[in-house]
Amino acid sequence: MRPRRVLITGVGSFLGTELARRLETDPEIEYVAGLDERPPRARLERMDFIEADIRNPLIVKLLPQTGVDTVVHNKIIRRPGRGMSARAAHDINVIGSLQLLAACERADSLRAIVVRGSAGVYGSEPAGPQFFTEEMARLYPLRTRFQRDVAEIENYFDTFSRRHPQIVCTMLRYQPSVGPALDTQVTRYLSMPVVPTFLGFDPRLQFVHETDAVEALVVALKNPVRGPVNVAGPGTIGLTKLVRMAGKPTLPLVPPVFAPVVDAGRRAGLEALSPDFSRLLRHGRAIDVSRLVQEVGYRPRYSTVDAVRDWLRTQKGRRFVPALRDVVAL
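Below, the structure is looked at part by part. Just so it is clear, the structure is predicted and the values come from calculations on it, not from any experiment.

### Observations concerning the packing of aromatic side chains
Counted by the stated rule, this structure contains five aromatic pairs. For the ring pair Phe 132 and Tyr 140, a centre distance of 6.5 Å and an interplane angle of 75° mean the geometry is edge-to-face. Pairwise contacts between aromatic rings join Tyr 122, Phe 132 and Tyr 140 into one cluster. Lying across the ring of Tyr 174, Arg 116 places its NZ or CZ 5.7 Å from the centre.

This is the structure:
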């Protein structure tokens, strides 16, 4: 098999750094490049770091020079970080993806693109199916800004794939990630001293463990398939059970006052909840991972419950510290 050459966008994030670390030790990978405006979170021996903003038109010249055959697009902001406006996050997600595709169009060596997308494209609906399959992304209206961003990004990559049939584009739709090394909206929500919930609602939730999040990318870039692929741990967990496992008291709120109360907590320095996450806490969401297992060839090691347990194992004895900054792309 011919050695692979891979470029990772968003290498400064946790998953970007871990993916690069994983590929550095893989004998099938000849070359690894990482593109980001911030450096990786750990020292990497073999990776070629390209310090650049994904929105910068210069990447149109930089990417073809690497001679990569695979691009992993890991620069999609789930939530704006502290000091980042919603507009800036939108520009990184949408304009950045367009610049990347412009660069990919000029890379003659390119054969595959793997995108770390989001299952958030399905939304969270009261009458949603028990498990969303990949063809159900347009089943309901796009209700949030992030949901619209993800749908727009998917449309760009789908169009690119049809225009360039020699390049396989894989869109991995991830459920929220949890794990000992991750700092996400899920873990911050469960770290609050009192957890707000919607009165009368006990939604089914589904997560992916940080290890499976990285390994799914590794397997997908080695065996890319066309189109979307759901990524999550098997099974679901009810919010009531989740909060009970975390040992947290709840604050049940009727839907009309949920947002005002949570916003008041945010102004007091507690965790802010995005519109997407608030809908998830009310209606839940679960996805079918049959295509990940059968076509990509990766079976997640951790179930949703196991992923939560692994995170909780590292939280014993920790004191709660109010979250004064928002979650950025992980």
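### Here's the deal with helix α6 (residues 210–222)
When the terminal C-alpha atoms of α6 are compared, their 19 Å separation across 13 residues agrees well with the 18 Å that a helix rising 1.5 Å per residue should span. For α6, the buried fraction is high: eleven of the 13 residues fall into the buried class. Residues of α6 that are buried include every one of Glu 210, Asp 212, Ala 213, Val 214, Glu 215, Ala 216, Leu 217, Val 218, Val 219, Ala 220 and Leu 221, and no others.

### Digging into the side chain of Gln 185
With respect to the helices, strands and loops of the structure, Gln 185 is situated in helix α5 (residues 185–190). Taking relative accessible area as the criterion, Gln 185 reaches 10% and is therefore assigned buried. A polar contact is formed between the side chain of Gln 185 and the side chain of Arg 79, at a distance of 3.3 Å.

### Observations concerning the pattern of salt bridges
Summed over the entire model, instances satisfying the criterion amount to 22 salt bridges. Between Arg 173 and Glu 154 there is a salt bridge, and its shortest N-O distance comes to 2.7 Å. Of the two residues, Arg 173 is situated in strand β6 (residues 168–174) and Glu 154 in helix α4 (residues 145–163); the sequence distance between them amounts to 19 residues. With relative accessibility at 9%, the residue Glu 154 sits in the buried group. A salt bridge links Arg 309 to Asp 306, with the shortest nitrogen-to-oxygen separation between them at 3.8 Å. Residue Arg 309 and its partner Asp 306 are located together in helix α11 (residues 304–313), separated by three residues, close to a single helical turn. In this structure Asp 306 comes out as partly exposed when scored by relative accessible area, which is 33%. The network of salt bridges with common partners includes Arg 22, Asp 26, Glu 28, Glu 215 and Lys 222.

### Quick notes on the sheet that holds strand β5 (residues 112–118)
Spatial ordering of the open sheet is given by β3-β2-β1-β4-β5-β6-β11, a layout of seven strands whose pairing is parallel. Sheet topology places β3 (48–51) and β11 (227–231) at the edges, where each strand pairs with a single neighbour. Going from strand to strand, the sheet's axes swing by 20° on average, the running direction of each strand aside. As paired strands, strand β4 (residues 70–73) and β5 are joined by four bridges and run parallel to one another. Opposite Val 72, over in β5, you have Val 114 as the bridge partner. Along the sheet, helix α1 (residues 14–24) contacts β1 (4–9), β2 (29–36), β4 and β5; its crossing angle with β1, the most-contacted strand, is approximately 165°. Contacts between α6 and the sheet are confined to β1, β2, β4, β5, β6 and β11, with β6 contributing the most and set at about 165° to the helix.

### Topic: the packing of α1 against α6
Relative to each other, α1 and α6 sit at 55°, their axes nearing to 10 Å. Judged by the inter-axis angle, α1 sits oblique to α6. Crossing angle aside, the handedness with which α1 passes α6 is right-handed. Seen from α1, the contacting residues are Phe 14, Leu 15, Glu 18, Leu 19, Arg 22 and Leu 23; seen from α6, they are Glu 210, Ala 213, Val 214, Glu 215, Leu 217, Val 218 and Leu 221. Classifying every residue of the contact of α1 with α6 by side-chain character gives nine nonpolar, no polar and four charged.

### Quick look at the side chain of His 73
As for its placement among the helices and strands, His 73 is situated in strand β4. Only 2.9 Å separates the side chain of His 73 from the side chain of Thr 9, close enough to count as a polar contact. Within polar-contact distance, the side chain of His 73 engages the side chain of Ser 97 at 3.1 Å. Once you skip the residues sitting within four places of it in the chain, His 73 turns out to touch Thr 9, Ile 54, Ser 97, Leu 100, Val 114, Val 115, Arg 116 and Phe 157.

### Details of the state of the cysteines
Note on terminology: disulfide describes a covalent bond linking the sulfur atoms of two cysteines. Taken as a whole and judged by the stated rule, the model has zero disulfides. Of the cysteine sulfurs around Cys 104, a residue in no disulfide, the closest is that of Cys 169, at 7.8 Å. The exposure class assigned to Cys 104 is buried, which follows from its relative accessible area of 1%. Given the relative accessible area of 6%, Cys 169 is considered buried.

Rules used throughout
Residues numbered from 1 in each chain as written. Predicted model: local features only at pLDDT ≥ 70, side-chain atom pairs only at ≥ 80, totals over all residues. Heavy atoms only, no water. Phe/Tyr/Trp six-rings, centres within 6.5 Å; stacked < 30°, edge-to-face > 60°. Lys NZ or Arg CZ within 6 Å of the ring centre and 35° of its normal. Helix = DSSP H or I, 4+ residues; strand = E, 2+ residues; numbered from the N terminus. Expected span 1.5 Å × (residues − 1). Buried < 20%, exposed > 50% of the residue type's maximum accessible area, 1.4 Å probe, protein only. Polar contact = N/O pair within 3.5 Å; in protein donor to acceptor, adjacent residues only side chain to side chain. Salt bridge = Lys/Arg side-chain N within 4 Å of Asp/Glu carboxyl O. Pairing = 2+ DSSP bridges. Axes fitted to C-alpha atoms, helices over the stretch in contact; angles between N-to-C directions. Contact = heavy atoms within 4.5 Å. Parallel < 35°, antiparallel > 145°, perpendicular 65-115°, else oblique. Left-handed = near helix turned anticlockwise from the far one by under 90°. Nonpolar A, V, L, I, M, F, W, Y, C, P; charged D, E, K, R; others polar. Disulfide = S-S within 2.5 Å.

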